[in-house]
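As a plain string of letters, each chain reads:
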Amino acid sequence: MNGKINKTGLIASGKFDGSHACLTAATSAGNVLVHSPHRASSENFEDAQSVGRLSWSGELAELHIGNQVTALCIGRLEEDEREFLVVGTHTHVLAYQIEDNADLFYKEMRDGVHNITTGRLGWIKYQVIIVGGNCSVTVLDHEGNELYWTIASGIVRVITVFDFDGDAQNELLIGTDDSEIKVQKETLVMWQVKETSPVSTLLPLPGRKFAYAVTNGTVGVYENGTRIWRGKSKHKITSMKTFDINGDGVLELITGWTNGKVDARICSTGEIIFRVQLNSPIAGIVEADYRRTGKADLVIVSESGEVRGYLVGTSMDVSEPGELYRQLLSKKEALEVEIRQRLVTTPNQFLGSKLAVSLTSTRGAVRLALASGPGLVIYCAIVFAEEIFDGETFVAHPRKPNGELEIELRPPKDGPIDIHMKTYVGAPGSDLLQVYELMQQLPAFCMYEIINPADAKIEDLQDIGVTFETGDRPQRIALWLNRSLAISEELEIAVDGPNAGRLDLCLRGLRDNKLHFLSVNASGKINMLTEDPTFAGDVVQSLANYLGIVELTSEANFPAEEKRMVEILERVKELKEIEVKLQTEAAGVTNILKALMIRLEDSRILDDSKGMKKRVTQLQMVGENFMRENEIRDNNYRELTSALKALNTGVQNVSRIRVGGAATNAINRCRAAIKDENPKALIHAIRNG
């Protein structure tokens, strides 16, 4: 395929006539190339077919878009075997029927187009087109009609359909620029996780698994919301696909990289079983029956236009340049270390030595304390952890090694984080060290310390927070707290005395010094005093997951949050009114421009040069005013989107302090109140769900 590919990910394969596989790719010139290797033997195509956007030249056709292509995918109507092409630009989305050389629809997208996919969602009965834009997700039918729209937490870089809960109905799987992966079912967020970099690729896998890639070179797989493996490279992934490369009947994860490498991994473990190297970055990977053999091949396209195909059962493994040398060098170093270990007599103090590890939350951070055995000192400790450190790695190398070492950890958000530690321990002055490798999980709420209620002003939180019934014993809630907090002594429920069967706990956030008070009575009722609805939602979701609660209602009172959301609602109302006014003015200016164009054409026909100059001057003035008004309109729309995003965040907080049907009802009531612009109904939904 000739021509420079526009950017990675803009490669697709489709059967536009219902039987022959064609390869499509976006170019840097703002066009889409279509390659049909079987066109010469097909009677359906004619060389004269160049009336529409598409013009054929032998096996290759060029679809003229006119703007930079930002997204590309293939769709199909259920009643038609032919597939169609969907192209996204910064301002529009085009659905094009290649076989008929005609538009299905051409629709303006005010939020832009960053990713497009097609599929069936559980709450919509037919195939749809799903568009990811600037902080929004839009679902269209095959005629371009909007069926669904929702706010996202950031720019939607990747979106697909995925059956997350195993109910045979697809949900939305969304990856955004703010490093978030989210599963959404209509208005309900079913699951979400924060990664370390913006999400670049998502791919559904068999068995409720999905693969993901982020821009820092990390690739991994989640199963049922739990990550089962991850790997990292200095290069970035540009494309992912599933394909049975070794012919064992099980799909492998195929990944393409910016350095031109393509590898295949076992989905369940991440082990690489296939590798090939191209001369330029990988633009896309597709599966297509490109040779009409009745079996699909793996087709790889590079940014330079190189196309390669591989059969099922391929066992090729081409090493990267210098890889064999690096492997031999690594083996040599390992053998040299083994020789040194055999020559040096092992000190007696190494026998049976241990490394003690403890976690406590105090003095503004989580303290990871390491202590070596008697007669030994800690020379170095390497800690690997996502999100906590820049580059995910921290090395502690004290100038004067001793038997104890303390490392500060400051997780940026609540939630369990796995840390991997390598600690180098040895005798003072020794050049032979013992390495301990340990895995530790930071508790979900490790950035909160327990303080004495007498030292805090609990009365400032009176009647602010959330109250709910767990229906469980307070002892189990205490077990959850022991698991969720980084504390040196475990919490216990008193069996006698005035506080028998009760638990009162005062927490202070180490990030912001905010106070939170939890009170649990003998029946399992929890009264949580806090001004932070996000923290309250995290607590409710974590506790419900631990106790196995599937339905939970609550009563909430967050005056500051209620005031904020009501103010945003009023601002949204104002911005919508301004938007309508601006649209009306834009329509009027458009009519003036059309009238001036007609008069200009009349002057040209009458050879009236003076009239032509006058009309051109008027067109320039009106055009400049129109551009200024359009800029005002765009700014107003961005502000409206930002306000809707803030409202959506508040609605999600309202739903997270409830579980199951209560959470869904809270979202629906909040959205209904926002749609009706009813602040009283919104406050009632926040408080009671």
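Residues numbered from 1 in each chain as written. Predicted model: local features only at pLDDT ≥ 70, side-chain atom pairs only at ≥ 80, totals over all residues. Heavy atoms only, no water.

**Student:** So what's going on with the overall build of the protein chain? Which residues, and what values?
**Tutor:** The helix and strand inventory of the protein chain stands at 7 helices and 41 strands. Seen through its C-alpha atoms, the protein chain measures out along the principal axes to roughly 100 × 70 × 50 Å. A separation of at least 24 residues holds for 53% of the contacts in the protein chain among residues at least 6 apart in sequence. Carbon and sulfur atoms make up 49% of the accessible area of the protein chain, which amounts to about 33500 Å² in all. Mean positive and mean negative side-chain charge positions of the protein chain (76 and 93 charges, respectively) differ by 3 Å. (Helix = DSSP H or I, 4+ residues; strand = E, 2+ residues; numbered from the N terminus. Contact = heavy atoms within 4.5 Å. Areas by Shrake-Rupley, 256 points an atom, 1.4 Å probe, with all protein chains shown as cover. Lys, Arg positive; Asp, Glu negative; His and termini not counted. Charge placed at Lys NZ, Arg CZ, Asp CG, Glu CD.)

**Student:** Describe the sheet that holds strand β21 (residues 226-232), naming the residues involved and giving the relevant values.
**Tutor:** Spatial strand order, β18-β19-β20-β21: 4 strands in an open sheet with antiparallel pairing. With partners counted over all chains shown, the strands left at the sheet margins are β18 (199-205) and β21, one partner each. Put simply, the sheet's adjacent strands are angled 15 degrees from each other on average, direction ignored. Strand direction decides the pairing type here: strand β20 (residues 218-223) and β21, joined by 6 bridges, are antiparallel. Looking at the pairing, Gly220 lines up with Arg230 of β21. (Pairing = 2+ DSSP bridges. Axes fitted to C-alpha atoms, helices over the stretch in contact; angles between N-to-C directions.)

**Student:** Before we move on, can you summarise the packing of aromatic side chains with the specific residues and values?
**Tutor:** Summed over all chains, the structure comprises 14 aromatic pairs. Here the aromatic rings of Phe210 and Tyr222 are separated by 5.4 Å at their centres, their planes lie at 20 degrees, and the arrangement is stacked. Remark: Tyr222 occurs in strand β20 and Phe210 occurs in strand β19 (residues 209-214); sequence separation between them is 12 residues. Each member of the pair, Phe210 together with Tyr222, is buried. Plain terms: the ring middles of Phe274 and Tyr310 are 5.8 Å apart, the flat faces sit at 75 degrees to each other, and that makes the pair edge-to-face. Of this pair, Phe274 sits in strand β25 (residues 272-277) while Tyr310 sits in strand β28 (residues 307-310), placing them 36 residues apart in sequence. Neither Phe274 nor Tyr310 differs from the other in exposure class; each is buried. Within the aromatic cluster, the residues linked to one another by ring pairs are Phe162, Phe164, Trp191, Phe210, Tyr212 and Tyr222. When the ring centre of Trp257 is taken as reference, the NZ or CZ atom of Lys261 above it lies at 5.0 Å. (Phe/Tyr/Trp six-rings, centres within 6.5 Å; stacked < 30°, edge-to-face > 60°. Buried < 20%, exposed > 50% of the residue type's maximum accessible area, 1.4 Å probe, protein only. Lys NZ or Arg CZ within 6 Å of the ring centre and 35° of its normal.)

**Student:** Before we move on, can you summarise the pattern of salt bridges with the specific residues and values?
**Tutor:** Applying the stated criterion across every chain yields a total of 29 salt bridges. With its nearest N and O atoms 3.8 Å apart, the salt bridge here joins Lys261 to Asp263. By the burial criterion, Lys261 is buried, and Asp263 matches it. The partner of Arg511 in a salt bridge is Asp414, with the nearest N and O atoms 2.9 Å apart. With Arg511 in the loop between β38 (503-509) and β39 (515-520) and Asp414 in the loop between β33 (404-409) and β34 (417-426), this residue pair connects regions lying 97 residues apart in the sequence. (Salt bridge = Lys/Arg side-chain N within 4 Å of Asp/Glu carboxyl O.)

**Student:** So, a negative patch on the surface: which residues are in play, and what are the values?
**Tutor:** Taken together, the side chains of Glu570, Glu577, Asp676 and Glu677 define an acidic patch exposed on the protein surface. One can find Glu677 in the loop between α6 (661-676) and α7 (679-688). (Patch = residues over 30% accessible without salt bridge, like charges linked within 9 Å, V, L, I, M, F, W, Y side chains within 5 Å.)

**Student:** I'd love a proper account of α7, names of residues and values included.
**Tutor:** All of the buried residues along α7 are Leu682, Ala685 and Ile686. One side of α7 holds all its buried residues, which, seen down the axis, span an arc of 100 degrees. Buried residues along α7 sit in contact with β41 (554-557), α4 (559-605), α5 (609-656) and α6. One side-chain oxygen of the residue at the start of α7 lies 3.2 Å from the amide nitrogen of Lys680, identifying that residue as Asn678. Phi for Gly689, located one or two positions after α7, is positive at around 80 degrees. (Arc of directions from axis to C-beta. Polar contact = N/O pair within 3.5 Å; in protein donor to acceptor, adjacent residues only side chain to side chain.)

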